[in-house]
Amino acid sequence: MPPLPNSGTEPDGSAVIRVLSYNIRSLRDDTDALARVITACTPDLVLLQEAPLFFRWRKKLARLAAATGLVILTGGGTAAGPAILCSLRVMPERTEDVLLPLTPGRYRRGLATAVVRIAGARLGVISCHLSLHQDERHDQAGLLLDRLAGMDVDHAIAGGDLNERPGGPAFTRLADTLSDCRATAPWGTEHTFPAAAPDRRIDGIFATKAVEILGCGVPHGLPGVTENDLRAATDHLPVLAALRIPAH
């Protein structure tokens with residue numbers, strides 16, 4: 001498996017970035033292994049799902065950021081689980097945590113959103129974790145697209161745990177408007193869940209059409225990371241994408 005391109009800035013100001021989407025199961029598993037995986041991916045942006053929600057959740061998320069050489073951009077408990085970490089290469093313009101409509105008796109969902117600048121590029125970013133229920137997932141995918149359209153950006157990415165395979169209604173709703181990075185430029189392996197014996201792809205990264213997708217998939221053979229680390233870190237496998245964002 002050839003390596004993904006490294007982060008960098010092109011002569012025209014466009015930015016090559018690495019984006020990681022990862023469900024971290026509230027840091028209930030091997031956090032040292034988790035930190036090794038995230039660090040080895042050398043991401044500019046990390047779209048997290050199931051960040052800690054309860055007692056001292058900010059401190060727990062800050063500890064993960066520090067262990068991976070990143071900083072918290074937004075999200076966590078204030079977004080009902082989704083969060084975004086970033087490298088110091090990323091310059092925040094604005095952030096907003098959005099709580100989605102709550103169906104009585106179901107779990108609260110939200111979006112962690114940001115507009116950032118990287119080199120000469122300006123980018124909207126959303127981390128999401130969609131519902132376990134098909135009707136609600138489909139509605140939430142539409143709300144995500146509405147939010148994206150209202151961010152006043154030419155280029156954007158969204159990623160997360162969709163709780164649905166490609167071809168499902170919510171997945172299709174996103175892929176009809178955005179590019180499914182894995183389907184566009186396959187790299188690594190496909191299936192993301194369960195980590196111990198993955199047999200389905202329910203996590204993904206999507207991008208607006210002008211974003212160039214250089215590769216996307218589940219990374220293996222990362223420096224300093226064993227296959228056991230990938231299984232021990234959390235119950236999902238990570239999705240890593242390399243993207244080229246046009247200069248603004």
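See the structure printed just above.
The following paragraphs examine the structure supplied in this document.

What counts and how
- Residues numbered from 1 in each chain as written.
- Predicted model: local features only at pLDDT ≥ 70, side-chain atom pairs only at ≥ 80, totals over all residues.
- Heavy atoms only, no water.
- Helix = DSSP H or I, 4+ residues; strand = E, 2+ residues; numbered from the N terminus.
- Rg over C-alpha atoms; globule rule 2.2 N^0.38 Å.
- Buried < 20%, exposed > 50% of the residue type's maximum accessible area, 1.4 Å probe, protein only.
- Contact = heavy atoms within 4.5 Å.
- Areas by Shrake-Rupley, 256 points an atom, 1.4 Å probe, with all protein chains shown as cover.
- Core = buried A, V, L, I, M, F, W, Y, C linked by side-chain atoms within 4.5 Å.
- Arc of directions from axis to C-beta.
- Phe/Tyr/Trp six-rings, centres within 6.5 Å; stacked < 30°, edge-to-face > 60°.
- Salt bridge = Lys/Arg side-chain N within 4 Å of Asp/Glu carboxyl O.
- Pairing = 2+ DSSP bridges.

### Notes on the overall build of the chain
Thinking step 1. Looking only at helices and strands, the chain features six helices and 13 strands.
Thinking step 2. What you see for the chain is a C-alpha radius of gyration of 16 Å, in line with the 18 Å of a compact globule of 248 residues.
Thinking step 3. On the principal axes, the C-alpha backbone points of the chain span a range of 50 × 40 × 35 Å.
Thinking step 4. Relative to its full complement of 248 residues, the chain shows a buried share of 55%.
Thinking step 5. Contacts in the chain between residues at least 24 apart in sequence constitute 71% of all its contacts with a sequence separation of at least 6.
Thinking step 6. If you sum the accessible surface of the chain, you get close to 10,200 Å²; carbon and sulfur atoms cover 53% of it.

### A few points about unusual backbone geometry
Excluding glycine, residues mostly carry a negative phi; peptide bonds, for their part, are mostly trans.
Thinking step 1. With omega at -15 degrees, the peptide bond leading from Phe193 into Pro194 counts as cis.
Thinking step 2. Within the element layout of this structure, Pro194 appears in the loop between helix H5 (181–184) and strand E11 (203–207).
Thinking step 3. Phi angles above zero are rare outside glycine, and Thr42 is one such case at about 45 degrees.

### A look at the nonpolar core
General note: in soluble globular proteins, nonpolar side chains tend to be found buried as a group.
Thinking step 1. In terms of nonpolar packing, the biggest core is built from 30 residues, with Tyr22, Leu34, Ile38, Leu48, Leu64 and Leu85 touching the most fellow members.
Thinking step 2. Considering every element that reaches this core, the biggest residue donor is helix H1 (residues 31–40), with five residues.
Thinking step 3. Setting aside its immediate chain neighbours within four residues, Tyr22 contacts Leu34, Val37, Ile38, Leu47, Leu48, Gln49, Ala233, Thr234, His236, Leu237 and Pro238.
Thinking step 4. By size, the runner-up hydrophobic cluster in this structure holds 29 residues, among which are Leu73, Ala121, Val125 and Ile245.

### Quick word on helix H4 (residues 169–177)
Thinking step 1. Every buried residue of H4 is listed here: Ala170, Phe171 and Leu174. Taken down its axis, H4 places every buried residue within 100 degrees of arc, on the same side.
Thinking step 2. For H4, the secondary structure elements touched by its buried residues are helix H3 (134–149), strand E10 (179–180) and E11.

### Thoughts on the packing of aromatic side chains
Thinking step 1. In this structure the tally under the stated criterion is one aromatic pair.
Thinking step 2. Pairing Phe171 with Phe206 gives two aromatic rings, centres 5.3 Å apart and planes at 65 degrees, and the pair type is edge-to-face. Of this pair, Phe171 sits in helix H4 while Phe206 sits in strand E11, and the two are 35 residues apart along the sequence.
Thinking step 3. The exposure class of Phe171 is buried, given its relative accessible area of 2%.
Thinking step 4. On the basis of relative accessibility, which here comes to 2%, the residue Phe206 falls in the buried class.

### A few points about the environment of Asn228
Thinking step 1. Among the secondary structure elements, Asn228 is positioned in helix H6 (residues 227–233).
Thinking step 2. It is 8.9 Å that separates the C-alpha atoms of Asn228 and Ala196, two residues lying 32 residues apart in sequence.

### What about the pattern of salt bridges?
Thinking step 1. Per the counting criterion, the structure on display carries 15 salt bridges.
Thinking step 2. Note that Glu93 is salt-bridged to Arg94, the shortest N-O span being 3.4 Å.
Thinking step 3. Taking relative accessible area as the criterion, Glu93 reaches 34% and is therefore assigned partly exposed.
Thinking step 4. The salt bridge involving Glu96 is made with Arg147; its shortest N-O contact spans 3.1 Å. Taken together, the residues Glu96 in strand E6 (residues 91–99) and Arg147 in helix H3 connect sequence positions 51 residues apart.
Thinking step 5. A network of salt bridges, in which partner residues are shared, links Glu93, Arg94, Arg117 and Arg122.

### A closer look at the pairing of E11
Thinking step 1. Summarising burial for E11: five of the five residues are buried, a large majority.
Thinking step 2. As paired elements, strand E9 (residues 156–161) and E11 share five bridges and run antiparallel to each other. Bridge pairing in E11 places Asp161 opposite Asp203.
Thinking step 3. Pairing of E10 with E11 involves two bridges; the strand directions are antiparallel. Bridge pairing in E11 places Asp180 opposite Phe206.

### So, the side chain of Ser179
Thinking step 1. Within the secondary structure, Ser179 sits in strand E10.
Thinking step 2. Filtering out sequence-adjacent residues up to four positions away, Ser179 remains in contact with Thr184, Ile205, Phe206, Ala207, Lys209 and Ile213.

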